[in-house]
Amino acid sequence: MIGVFAALAAFAIDQITKAIVVANAVTLSAGIPVFPGFNLVFYRNDGVTFGMLGGAPWWSLIAFALAICVWLGVMLFRADNAVETLAYGAIIGGALGNVIDRVRYRAVTDFLDFYIGTTHWPAFNMADVFVVSGVGLLLAAPWISVRRPIKS
């Protein structure tokens with residue numbers, strides 16, 4: 001259940017934050033400085049990470065993401081510890097959040113803009129945060145000392 005809860009939470013947080021951004025798209029289009037090194041912006045990305053595959057048919061990216069989610073769902077239910085189930089759930093929830101954007105807008109809504117000086121990291125969203133965090137957690141799982149089993 002940890003993984004399912006993580007997927008639902010990641011999906012909900014992503015969709016709520018994107019709804020707020022879309023509702024304020026006109027204001028955010030110019031960017032709002034939050035603190036030095038961080039702006040809130042409104043940007044639609046029709047590609048994947050860092051804009052790669054921009055211009056690819058939107059439906060192909062949806063099909064690819066859904067196929068990965070199915071595979072990750074199988075891995076989630078085969079996982080034997082809480083850390084892995086949490087990680088798989090976070091990745092699935094984030095990926096499904098971006099799938100919903102692609103269905104609705106044929107692009108993903110990005111709004112987090114970090115920068116140093118005039119160099120900006122590509123804008124991203126909370127779905128991306130959950131996907132990257134989940135992958136990081138999966139990579140760290142073998143070294144995390146607290147490995148609570150989820151099956152008897």
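Where an unreviewed UniProt entry is consulted, the protein chain appears under the name Lipoprotein signal peptidase, with the organism given as Pararhodobacter marinus. Quoted verbatim from the Function (unreviewed entry) field of the UniProt record, the comment on the protein chain reads "This protein specifically catalyzes the removal of signal peptides from prolipoproteins." As stated in UniProt under Subcellular location (unreviewed entry), the record for the protein chain gives "Cell membrane".

On to the overall build of the protein chain, then. Along its length, the protein chain carries five helices and four strands. Taken over C-alpha atoms, the radius of gyration comes to 16 Å for the protein chain, in line with the 15 Å a tight globule of 152 residues would show. Dimensions of the protein chain along its principal axes, counting C-alpha atoms only, are 55 × 35 × 25 Å. Relative to its 152 residues, the protein chain shows a buried fraction of 38%.

Before going further, it helps to spend a moment on the pairing of strand E1 (residues 32–35). Judged from the three bridges that link them, E1 and strand E2 (residues 38–45) form a sheet pairing that is antiparallel. Residue pairing for E2: Pro33 is matched across the bridge by Asn39. Once E1 ends, the chain turns through two residues before running back antiparallel as E2, passing Gly37 with a positive phi of about 100 degrees.

Further remarks concern the UniProt feature "transmembrane region" (unreviewed entry) in the protein chain. Per the UniProt record, the feature "transmembrane region" (unreviewed entry) sits at residues 55–74, 86–103 and 123–146. Helix makes up 100% of residues 86–103 and strand makes up 0%, while its end C-alpha atoms are separated by 26 Å.

A separate point is the nonpolar core. In terms of nonpolar packing, the biggest core is built from 12 residues, these being Ala10, Val21, Ala25, Leu28, Phe38, Phe42, Ala90, Phe111, Leu112, Phe124, Met126 and Phe130. Going through the elements one at a time, helix H1 (2–23), helix H2 (25–29), E2, strand E3 (108–116) and helix H5 (126–140) are the ones with two or more residues in this core. If you look at the next biggest cluster of nonpolar residues, it comprises seven residues, including Ala7, Leu76, Ala79 and Tyr88.

Rules of the game
- Residues numbered from 1 in each chain as written.
- Predicted model: local features only at pLDDT ≥ 70, side-chain atom pairs only at ≥ 80, totals over all residues.
- Heavy atoms only, no water.
- UniProt positions renumbered as here; feature names shortened; annotations may be inferred.
- Helix = DSSP H or I, 4+ residues; strand = E, 2+ residues; numbered from the N terminus.
- Rg over C-alpha atoms; globule rule 2.2 N^0.38 Å.
- Buried < 20%, exposed > 50% of the residue type's maximum accessible area, 1.4 Å probe, protein only.
- Pairing = 2+ DSSP bridges.
- Core = buried A, V, L, I, M, F, W, Y, C linked by side-chain atoms within 4.5 Å.

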